[in-house]
Amino acid sequence: MELGKYNELTVNRFVDFGLYLIDGEANEVLLPKRYLTGKEKAGDVMRVFVYLDSEGRPVATTETPHAVVGDFALMRVNQVNQVGAFLDWGLVNKELLVPFREQRVRMLAGRSYIVYVYVDDNSQRIVASAKLNKFLDNRMPRFYHRQKVDVLVVQRTELGYKVIVDNLFWGLLYSNEIYGDINIGDRRTGFIKQVRPDGKIDVTLEKIEKMRVDDLSTVIENYLKSHGGEMALTDKSDPKQIMDTFNCSKKDFKKALGQLYKQKKVTLGETTRLV
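Scope of this entry: the structure provided in the associated data block.

**Observations concerning the sheet that holds strand S11 (residues 148-156)**
No. 1: Pairing is mixed in the closed barrel, where five strands are placed in the order S11-S12-S13-S15-S14. Across the sheet, the axes of successive neighbouring strands diverge by a mean angle of 50°, strand direction being ignored.
No. 2: The sheet contact formed by S11 and strand S12 (residues 160-165) spans five bridges and is antiparallel. Bridge pairing in S12 places Leu 152 opposite Ile 164.

Structure (structure tokens):
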């Protein structure tokens, strides 16, 4: 049974205040009555999140927290007291503590911060830290060009946005490669542009050009097949018409058409036709 994570556990026995779930090593955890649907029966396997209650006892919930142990996430501070800052964790009866020693700057109620969730070795409680550097870039990145990665937007910089790549490394997303709105805390799919010799990573939210063109070529070919093998759009068409039809730039559209032409799949003239 993993603390601070989702577990697949088996319904073992019922009590007045809920039911007990059991893992493969006969460890039990309570799932309180408020989470029951009335359809549960002994032997059922349930996916639950396990955390510690205010008295340090393991308890299960079917609620979905904003982050599990090992995750980075943007969370809002509900309150600050003499112990530290308490975050809205997404659980009705449990907030997530950021001790003062784990705050990069003094946290304020009502503000949101990117934090890392982990189990404290000393107290064995689930806590969070805003000192992200402790949990990142602890080994050399091993990514390849164009690799698809998960990206968490963390901080605005002069060049663009500092991001966390695959929950493991710092990366940089350049402003001139961002199209559309982007906000701190956003989770996006990104692509590796390069890993520098010093281990720094450049990422983009746009597919690398060849990937975009390959994908667009397939889209255009399928569009032609579904429209009688011909379309009015050509490499001389208005960029707005191209954008409205294929949601792409004229530059990418021309390259994709050129690729189809070289593959002898289309002919180009006053219209574009499938061969």
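Still more ground to cover, so stick around.
**A look at the packing of aromatic side chains**
No. 1: If you walk through the whole model with that rule in mind, you get twelve aromatic pairs.
No. 2: Between Phe 72 and Tyr 116 the ring centres are 4.7 Å apart and the planes differ by 50°, which places this aromatic pair in the tilted class. With Phe 72 in strand S6 (residues 72-80) and Tyr 116 in strand S9 (residues 112-119), this pair connects stretches of sequence that are 44 residues apart. Note on accessibility: Phe 72 and Tyr 116 belong to one class, buried.
No. 3: Taken together, a centroid distance of 5.6 Å and an interplanar angle of 80° make the contact between Phe 143 and Phe 169 edge-to-face. Residue Phe 143 is located in the loop between strand S10 (126-129) and S11, and its partner Phe 169 is located in strand S13 (residues 169-174); the two are separated by 26 residues in the primary sequence.
No. 4: Assessed through its relative accessible area of 16%, Phe 143 is described here as buried.
No. 5: In this structure an aromatic cluster arises from ring pairing among Tyr 6, Phe 49, Tyr 51 and Trp 89.
No. 6: Over the ring of Tyr 20 we find Arg 13, and its NZ or CZ is 4.2 Å from the ring centre.
No. 7: For the cation-ring pair, Arg 47 lies above Tyr 6, with the distance from its terminal atom to the ring centre recorded as 4.0 Å.

**As for the nonpolar core**
No. 1: In terms of nonpolar packing, the biggest core is built from 22 residues, with Met 75, Leu 87, Trp 89, Leu 96, Met 107 and Val 115 touching the most fellow members.
No. 2: At the level of elements, strand S4 (45-52), S6, strand S7 (84-91), strand S8 (94-99), S9 and S10 are the ones that each hand at least two residues to this core.
No. 3: Counting residues per element, this core draws most heavily on S7, at four residues.
No. 4: Filtering out sequence-adjacent residues up to four positions away, Met 107 remains in contact with Val 77, Val 80, Ala 85, Val 98, Tyr 113, Val 115 and Ala 130.
No. 5: Of all hydrophobic cores here, the second largest spans 15 residues; its members include Val 149, Tyr 161, Ile 178 and Val 203.

**Details of helix H2 (residues 239-246)**
Because the α-helix completes a turn every 3.6 residues, residues three or four places apart line up on one side.
No. 1: Between the side-chain oxygen at the start of H2 and the backbone nitrogen of Lys 240 there is a gap of 2.9 Å, and the oxygen is on Asp 238.
No. 2: Looking one or two places after H2, you find Asn 247, whose phi comes out positive at around 55°.

**Remarks on the pattern of salt bridges**
No. 1: Per the counting criterion, the structure on display carries 15 salt bridges.
No. 2: Arg 196 is the salt-bridge partner of Asp 202, the closest N and O atoms lying 2.6 Å from each other.
No. 3: Residue classification places Asp 202 among the buried residues on the basis of a relative accessible area of 4%.
No. 4: Residue class for Arg 196 comes out partly exposed when judged on its relative accessible area of 30%.

The rules we used
- Residues numbered from 1 in each chain as written.
- Predicted model: local features only at pLDDT ≥ 70, side-chain atom pairs only at ≥ 80, totals over all residues.
- Heavy atoms only, no water.
- Pairing = 2+ DSSP bridges.
- Helix = DSSP H or I, 4+ residues; strand = E, 2+ residues; numbered from the N terminus.
- Axes fitted to C-alpha atoms, helices over the stretch in contact; angles between N-to-C directions.
- Phe/Tyr/Trp six-rings, centres within 6.5 Å; stacked < 30°, edge-to-face > 60°.
- Buried < 20%, exposed > 50% of the residue type's maximum accessible area, 1.4 Å probe, protein only.
- Lys NZ or Arg CZ within 6 Å of the ring centre and 35° of its normal.
- Core = buried A, V, L, I, M, F, W, Y, C linked by side-chain atoms within 4.5 Å.
- Contact = heavy atoms within 4.5 Å.
- Polar contact = N/O pair within 3.5 Å; in protein donor to acceptor, adjacent residues only side chain to side chain.
- Salt bridge = Lys/Arg side-chain N within 4 Å of Asp/Glu carboxyl O.

Shape is all these values report; function is a separate question.
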